[in-house]
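Here is what each chain is made of, one letter per residue.
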Amino acid sequence: MNTAVLKREWLSNTKTDILSGTLVALALIPEAISFSIIAGVDPKVGLYASFIIAVVTAFVGGRPGLISAATGSMALVMMSLVKEHGLEYLFAATILTGIVQIIFAWLKLGSKLKYVPRAVIIGFVNALAILIFMAQFPQLMNVPWQVYPMVAGGLSIIYILPRFTKVVPSPLVAIIVLTAISLIAKIDVPTVGDMGELPTTLPFFKIPQVPLNLETLQIIFPYAVTLSIVGLLASLLTASLVDELTDTHSDKNTEVQGQGIANIINGFFGGMAGCGMIGQSVINIKYGGRTRLSTLVAGVFLLFFILALGSWVKQIPMASLVAVMIMVSIGTFNWNSLTTLHLVPRSETAVMVTTVFVTLFTNNLGLGVIIGVVMSTVFFSRKVAKVVFVDKVPNSGENYRIYNVAGSLFFLSVEDFIAAFDFEEKVDLVKIDLSNGHIWDQAAVAAIDKVVIKFRRNDVKVELLGLNEASATLLKKLALHDKLADLDNSAEH
């Protein structure tokens, strides 16, 4: 790393980066604990993950200032894995997730986010918000009545305090206030300490204790692929948002690779898979964080606060974290998507709603995205199929006819293309002008074959004009009409 890069990416904004990173570290504590509980693991798993991922991506990520850690979107995918197979399989799946993400980076998928339709992205975000909200239900059932007013009080602090000051994150204030009230009033409600073990030492290297066989791979591979897709989407969305907020460019493929490296290391040190965090990245940028130093500070200070304040963290009421997660779900949901339902095309609404419902019914964010992309492709293909025009030029001549073709000729548009020709017309020659058209696939070549052969059977000669280079090459490779004509001529001789 040369001096110019070191200064630009690490030391150009030192004071503000340290302050913003410290603030993000404080805000990460409740979220990392909450996401651990969603996944069904001890709080230390999410806290270790947030520390490791933040530190590693600070060095190898592609977007300075982006905060990566344990996230709700990834935690939701892990729930069933942890429940059915246990913690060690989660660590193994995390390592495999990192490997798959590095493959994604090698395939340059980081630059392909533009091919995911906006309707799918909105559906993904809305489904994530709903799942995070639904994941709070277990913490609100069969609990002391005091939990409910505490949740309401926490939400009040979270939303009202920013109207007066934004110096300290309101979720952190809510946690401190509710913890103080529960301790002073000796209110017996579930606490973080009841949920599992908190970190007392630095994370240490450990190989996941799972059988190294095909059965293990069959268990963890589907989760790893889903986690990789979800992580890819979340991280690239976050990187794009930070690009927009800072008016700078980032290397998306490097970011995907960095996430993969972080998750591999993470799995060997007792952490759960993570990815880019939209909310915490916005906080970092909002409070002046711009370089990799802010991300590094957030990770290092997160673990420092936990190790130094662990005895206090254990006493945090779960009600305060539920309030924080409800706030996260409300902030994540794209409310504008509801108010504009009547304005956007019905096909996009169908894609968005389907993405949400598939995700909710399967509890699988990756499957929801895949179904949404497939639906968008089908709808788009149907639209494009209607954009092929075959104009029959009037009075072309006494013994020949010209057909002008414009648009894309592919498997969905070939039926309309063939139907546009008058095969019964008494002419000697038909000229098909493709100057404004393009042949895309084998189905299009077969359609041209069908048209040419059908005319020839009626003793009408056919000429194809204006083919661009790509279309001409495809026809030369796949078309049969000229080859059949050659066979017929050979047979006659």
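Residues numbered from 1 in each chain as written. Predicted model: local features only at pLDDT ≥ 70, side-chain atom pairs only at ≥ 80, totals over all residues. Heavy atoms only, no water.

*Asks:* Even after reading the chapter, I still don't get empty space enclosed by the protein, so can you show me in this structure?
*Replies:* Within the structure shown, the criterion is met by three cavities of 30 Å³ or more. The volume enclosed by the largest cavity comes to roughly 60 Å³. Taken together, Ser34, Ile37, Ile38, Ala135, Gln136, Gln139, Met318, Leu321, Val322 and Met325 make up the full set of residues lining the largest cavity. When residues of the lining of the largest cavity are traced back to their parent elements, those giving at least two are helix H2 (14-39) and helix H14 (318-332). Taken together, the residues of the lining of the largest cavity break down into seven nonpolar, three polar and no charged. Within this model, the second largest cavity holds a volume of roughly 40 Å³. (1 Å grid on protein atoms, 1.4 Å probe; cavity = no way out; pocket = protein on both sides within 12 Å on 5 of 7 lines; lining within 4 Å. Points joined across faces, edges and corners; volume = space filled by probe spheres on them. Helix = DSSP H or I, 4+ residues; strand = E, 2+ residues; numbered from the N terminus. Nonpolar A, V, L, I, M, F, W, Y, C, P; charged D, E, K, R; others polar.)

*Asks:* Looking at this structure, I do not really get the environment of glycine 110. What am I missing?
*Replies:* As for its position among the elements, glycine 110 is in the loop between helix H5 (87-106) and helix H6 (118-134). Glycine 110 gets classed as buried once you look at its relative accessible area, which sits at 3%. Put simply, glycine 110 and leucine 465 are 355 residues apart on the chain and 40 Å apart in space, counted from C-alpha to C-alpha. Dropping the residues within four chain positions of it, glycine 110 is found in contact with Leu236, Lys252, Asn253 and Val256. (Buried < 20%, exposed > 50% of the residue type's maximum accessible area, 1.4 Å probe, protein only. Contact = heavy atoms within 4.5 Å.)

*Asks:* Please clarify how the layout of surface pockets should be interpreted in this entry.
*Replies:* Empty space among the atoms becomes apparent when a probe as large as a water molecule is rolled across them. For the largest pocket, the calculated volume is near 1,200 Å³. Lining the largest pocket are 44 residues; nearest its centre among them are Ile278, Gly279, Gln280, Gly331 and Thr332. The leading source of residues in the lining of the largest pocket is H6, at seven residues. Tallied by class, residues from the lining of the largest pocket come to 29 nonpolar, 11 polar and four charged.

*Asks:* How should the pattern of salt bridges be read in this particular structure?
*Replies:* Tallied over the entire structure, the rule returns seven salt bridges. With a closest N to O distance of 2.6 Å, lysine 252 and aspartate 243 form a salt bridge. The class for aspartate 243 is buried, based on a relative accessible area of 9%. (Salt bridge = Lys/Arg side-chain N within 4 Å of Asp/Glu carboxyl O.)

*Asks:* Sorry if this is basic, but what is going on with the side chain of asparagine 253 here?
*Replies:* By the secondary structure assignment, asparagine 253 is in helix H11 (residues 252-268). Judged by relative accessible area, asparagine 253 falls into the buried class, the value being 15%. Apart from residues no more than four positions distant in its own chain, asparagine 253 is found in contact with Ala105, Lys108, Leu109, Gly110 and Ser111.

*Asks:* Explain the sheet that holds strand S3 (residues 388-392) to me, please; I cannot follow it from the model alone.
*Replies:* Within a sheet, each strand pairs with its neighbour through backbone hydrogen bonds, oriented either parallel or antiparallel. Taking strand neighbours across the sheet as the criterion, the four strands line up as S3-S4-S5-S6 in an open arrangement whose pairing is mixed. The open sheet terminates on both sides in strands that have one partner only, identified here as S3 and strand S6 (461-465). Each adjacent strand pair in this sheet contributes to an overall mean axis angle of 20°, direction not counted. Here nine bridges tie strand S4 (residues 400-409) to strand S5 (residues 429-439), and the two strands are oriented parallel to one another. By the bridge assignment, leucine 409 is partnered in S5 with isoleucine 439. Across the sheet, helix H19 (residues 442-457) touches S4, S5 and S6, and the angle it forms with S5 is around 170°. The strands that helix H20 (residues 469-478) touches are S5 and S6; relative to S5, the one it contacts most, it runs at about 120°. (Pairing = 2+ DSSP bridges. Axes fitted to C-alpha atoms, helices over the stretch in contact; angles between N-to-C directions.)

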